[in-house]
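Analysis of the macromolecular model
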Amino acid sequence: MTPADISRPISFASVPTRGTRFMRTFVPYQLMRFTLINVKMLRLLARAHHTKPRGSQ
Amino acid sequence: MAKVVILGAGIAGHTAATLLRRKLPKAHEIVVISPEPEWNWVPSNIWVGVGAMPRTSVVFALAPLYARLGIAFRQGRAVALHPEGDAASSTPFVEYTPAGAAADAPPQRETYDFLVNATGPKLNFAATPGLGPHGGHTVSVCTADHAVEAAHGFLASVERMRKGERQTLVVGMGHGTCTCQGAAFEYVFNVEHELRRLGVRDKARVVYLSNEYEVGDFGMGGLHLRRGGYVIPSRMFAESLFAERGIDWITRSHVRGVAPGKIDYTTLDDAEQELGFDFAMLIPPFRGIGLAAFDRSGAETTTKLFAPSGFMRVDADYTEKPFEQWSPADWPRTYRSPVYENIFAAGIAFAPPHAVSRPLRSPKGTLVAPAVPRTGMTAGIMGRTVAFSIADRVLRGPDAPLHEAPFATMGAACVASAGSGLLRGSAATITMYPVVPDYSRYEFGRDLDYTSGEVGLAGHWLKFVLHHLFLHKARCRPLWWMIPE
C-alpha cells in the first residue's frame, strides 16, 4: 500500500499476512484442507440435500 | 404409457431428463426440447473466458447421448404452452419452433402428460443499452460461445499491454437487478490471475462493478463466518481478496448504458458516474424466456402461470409484503405449478417469491436489487426433485406424494475460482446453510457450523475435480447417478 491508496476502499480492507499467503499454496497444508473441505461438503449434503416424499420423515 | 416433456437441457433440465430415464421403463417416453445442441458446464466458462480452457472442454453434443439413453431430443425453442389442449383435443401440448426453421414456419407440437419447465433464463442484454456481445460493447461468460468471445477480447487487451499501453478492465453486473454475482466475482479474479501470469499486471487497472450493497453479498444478503475469534460478515472476506489482488470495487451501482469505452452508471445516492474501459465483461439481468400460455378456448393465460418477470409460478407464496415479513416459508418445496398438477418448473425457470438481499431504491427511484442465484447445485436438486415426483406419479398413480426439497432449507457450496494452475491456482470455497437466511432459528440467519469460507489451492483442486465429476455425471458414464447434485 502507498499513500496514494489511502482514499481507496482497498486501504480499509483486511489483507492476509505473508504467512497466510504462504499457507494458501503450501501443498501439504492444502492437501489437509482439501480433505477437510470435502468432509465439510459431505456433511452439508447429508444435512440439507434430501429429496423426500411429502409427509415422510 | 406416460410422456414427459422437458423444456431446456441445462443443469436442471438435463438432471431431470436423465434421472427420469433411469427411473422409468423404456415404454414411457421422455422428450427434451432445447434450443441448444450442446450441454454446457457453465461454471467452467470462467476458465474459457480467459483462454485457460478450450470451449470443447466445457460442452458436449446432446443428440448422441440422448440417442444412447433413449431420450427423444428436439432442437428448438419452446414458444407456447397449451395445458388444456385445444378445441380439437384436451391433450396438453407445447408449441416449439425447430432450430433452423424459417421465421414464418408454423410451430411444431409436442403433447405431454407431464411437463418440466427448465428453460433457464433469457439473457436480457436489451435491458441496458449497449450491453452485451450482440451489437453491444461488452462481453459475457454466460454461454460457452460468449466465453470464447470474452477470451478473444481479453487476450487482445493483453496484447495491447505487452506493447506498453495501459488498460482498464471492468468486470461486474450490467444492471441494478442482476443476479449471478458469483460468476463475475470468479471472472474478475481469473482475469487478475492471468494478467499476473502473463506478466502485464502492472499495465492494468482492474475494477469490479456490482449492484451488491457490499461485495460478498452474492445476492444472498451476504453471510457470516467464524474467523479469528470473531463472527465476520462475508464483506470482510471478499474485500480482503480484492485488496490483496489490487482490484478496485464499486458497489450499489446500476448500469444505465454502455457506449464504446464508457460505462454510464448511477449509485444508490443518485450520483451519475462514468467509468472508462478497454475491456468489460458485464453479466446481463435475467428474465423468463417469454413462454405464452393458452387455455382450451385459445384465450391467453400467461399471467396465471407466469410472474411478471416471465418465470413460472410454483408452490411459493407470492403475496406482496414488506421485507421484514419475508420468511423462509415463502419459498417453494415441490416446484409444481399451483394451476396445473402436471407442470413443474426447476432451476432458474421458477419464479422466486422475492429476493433474499434487501432491494433498495435511490431517492430518484433507481432500483438496485440483486436477485437470488438459483443455479448450479440448487438447480440440480430441483431437477432431481421434480424427476422423482413425476416418476412416482407415473409408476404409482396420481395420488403418489410429491417429493420435496424446500429451497429455503437447501445448503449451497460455491467454489469460486480465483485462478487456475495445479500448484499456483486458487479458489474461494464457500459453504452455507441454509440458502435463505432464517433469523428465527439462527442469530446470523445461517448455521455457523455449516457456513464457512476459505481461500487456497485446495479450492482450485476441488473446482478442477468438480469440473470432471459433473461432466462425467452429465455424460451418464458408469455410476453417474451416484454423484450427488
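Relevant structure appears above.
Before going into details, it helps to say that this report is about the structure given with it.

About the thresholds
Residues numbered from 1 in each chain as written. Chains lettered and ligands numbered in written order. Predicted model: local features only at pLDDT ≥ 70, side-chain atom pairs only at ≥ 80, totals over all residues. Heavy atoms only, no water. Disulfide = S-S within 2.5 Å. Phe/Tyr/Trp six-rings, centres within 6.5 Å; stacked < 30°, edge-to-face > 60°. Lys NZ or Arg CZ within 6 Å of the ring centre and 35° of its normal. Contact = heavy atoms within 4.5 Å. Buried area = accessible area lost by both parts, 1.4 Å probe. Salt bridge = Lys/Arg side-chain N within 4 Å of Asp/Glu carboxyl O. Helix = DSSP H or I, 4+ residues; strand = E, 2+ residues; numbered from the N terminus. Nonpolar A, V, L, I, M, F, W, Y, C, P; charged D, E, K, R; others polar. Expected span 1.5 Å × (residues − 1). Buried < 20%, exposed > 50% of the residue type's maximum accessible area, 1.4 Å probe, protein only. Polar contact = N/O pair within 3.5 Å; in protein donor to acceptor, adjacent residues only side chain to side chain. Core = buried A, V, L, I, M, F, W, Y, C linked by side-chain atoms within 4.5 Å. Pairing = 2+ DSSP bridges. Axes fitted to C-alpha atoms, helices over the stretch in contact; angles between N-to-C directions. Parallel < 35°, antiparallel > 145°, perpendicular 65-115°, else oblique. Left-handed = near helix turned anticlockwise from the far one by under 90°.

Scanning the entire structure with this criterion turns up 0 disulfides over all chains. Cysteine Cys142(B) is unpaired, with the sulfur of Cys180(B) as its nearest cysteine sulfur at 6.7 Å.

Okay, the packing of aromatic side chains next. The final tally for this structure, using the stated rule, is 18 aromatic pairs over all chains. In this structure an aromatic cluster arises from ring pairing among Phe185(B), Phe189(B), Tyr208(B), Phe218(B), Phe242(B) and Trp249(B). The lysine or arginine in question, Arg47(A), covers the ring of Tyr450(B), its NZ or CZ lying 4.7 Å from the ring centre.

As a further point, take the interface of chain B and chain A. By a frequent convention, interface size equals the accessible area lost on bringing the separate parts together. Each partner contributes to the interface: chain B provides 47 residues, whereas chain A provides 30 residues. Regarding the contact of chain B and chain A, the summed buried area is about 3400 Å², with carbon and sulfur atoms giving 61% of it. For the chain B face of the interface with chain A, the top three residues by lost area are Glu404(B), Tyr450(B) and Glu454(B), together amounting to 17%. Linking chain B with chain A are 4 salt bridges. In this structure, the salt-bridge partner of Arg24(A) is Glu244(B), at a minimum N-O distance of 2.6 Å. Looking at the side of chain B that touches chain A, the elements with two or more residues in it are helix H6 (234-245), strand E14 (248-250), helix H8 (376-396), strand E24 (403-404), strand E25 (412-417), strand E26 (427-432), strand E27 (452-456) and helix H9 (457-474) of chain B. Counted by class, the side of chain B that touches chain A contains 26 nonpolar, 11 polar and 10 charged residues.

Bringing H9(B) into the picture now. Residue and element names in this part refer to chain B. Between its first and last C-alpha atoms H9 spans 26 Å; for 18 residues at 1.5 Å apiece the expected length is 26 Å, and the two agree. Buried residues of H9: Leu 457, Ala 458, Gly 459, His 460, Trp 461, Leu 462, Lys 463, His 467, Phe 470, Leu 471, Lys 473 and Ala 474, and no others. Just downstream of H9, Cys 476 is the residue with a positive phi angle, here 55°.

All names here are of chain B. Structurally, the position occupied by Asn 211 is in the loop between strand E11 (204-209) and strand E12 (224-227). For Asn 211, a relative accessible area of 0% gives the class buried. The spacing of Asn 211 and Gly 199 is 12 residues in sequence and 31 Å in space, taken between C-alpha atoms. Filtering out sequence-adjacent residues up to four positions away, Asn 211 remains in contact with Met 173, His 175, Gly 176, Thr 177, Cys 178, Gln 181, Arg 252, Ser 253, Val 368, Ala 369 and Pro 370. In terms of polar contacts, Asn 211 uses its side chain to reach the backbone carbonyl oxygen of Gly 176, at 3.1 Å. A distance of 3.1 Å separates the side chain of Asn 211 from the backbone oxygen of Cys 178, its partner in a polar contact.

What follows deals with the pattern of salt bridges. All names here are of chain B. Using the criterion set out here, one finds 29 salt bridges over all chains in the structure. Note that Asp 392 is salt-bridged to Arg 396, the shortest N-O span being 3.6 Å. Of this pair, Asp 392 and Arg 396 both sit in helix H8, 4 residues apart, roughly one helical turn. Residue class for Asp 392 comes out buried when judged on its relative accessible area of 10%. The salt bridge involving Glu 485 is made with Lys 473; its shortest N-O contact spans 3.1 Å. Separated by 12 residues along the polypeptide, Glu 485 in the segment after H9 and Lys 473 in helix H9 bring together distant segments of the chain.

With that settled, consider the nonpolar core. Residues and elements named next belong to chain B. By size, the foremost hydrophobic cluster in this structure holds 138 residues, and its most contacted members are Tyr 66, Leu 81, Phe 185, Tyr 187 and Phe 242. Of the residues forming this core, the biggest block, 10 residues, is contributed by H8. Filtering out sequence-adjacent residues up to four positions away, Phe 185 remains in contact with Tyr 208, Phe 218, Ala 238, Leu 241, Phe 242, Ala 416 and Ala 428. In this structure, Leu 131, Val 170, Ile 250 and Phe 277 belong to the second largest nonpolar core, which totals 14 residues.

Residue and element names in this part refer to chain B. With 17 residues, helix H5 (residues 181-197) extends 24 Å between its outermost C-alpha atoms, agreeing within 8% with the 24 Å of an ideal straight helix rising 1.5 Å per residue. Of all 17 residues in H5, 13 are buried; the element is thus mostly enclosed. Looking at the residues trailing H5, positive phi occurs at Gly 199, about 75°.

Residue and element names in this part refer to chain B. Here 4 strands make up an open sheet; going across it, the order is E14-E11-E10-E18 and the pairing parallel. On the outer flanks of this sheet lie E14 and strand E18 (279-283), each paired with one strand and no other. Each adjacent strand pair in this sheet contributes to an overall mean axis angle of 15°, direction not counted.

Here we take up the sheet that holds strand E15 (residues 253-259) of chain B. Residue and element names in this part refer to chain B. One open sheet accounts for 3 strands, arranged E15-E16-E17; its pairing is antiparallel. With partners counted over all chains shown, the strands left at the sheet margins are E15 and strand E17 (272-276), one partner each. Ignoring which end each strand starts from, the neighbouring axes of this sheet average 25° apart. Relative to strand E16 (residues 262-267), E15 runs antiparallel, the two sharing 6 bridges. Bridged to Gly 257 within E16 is Asp 264.

Moving on, we get to the packing of H5(B) against H6(B). Each packed pair of helices is defined by two parameters, the angle between the axes and the distance between the axes. Residue and element names in this part refer to chain B. Running from amino to carboxyl end, H5 crosses H6 at an angle of 20°, the nearest separation of the two axes being 11 Å. The pairing of H5 with H6 is recorded here as roughly parallel in orientation. In terms of crossing hand, the pair formed by H5 and H6 is left-handed. Of H6, the residues touching H5 (which contributes Phe 185, Val 188, Phe 189, Glu 192, His 193 and Arg 196) are Ala 238, Leu 241, Phe 242 and Arg 245. Split by residue class, the contact of H5 with H6 holds 6 nonpolar, 1 polar and 3 charged.

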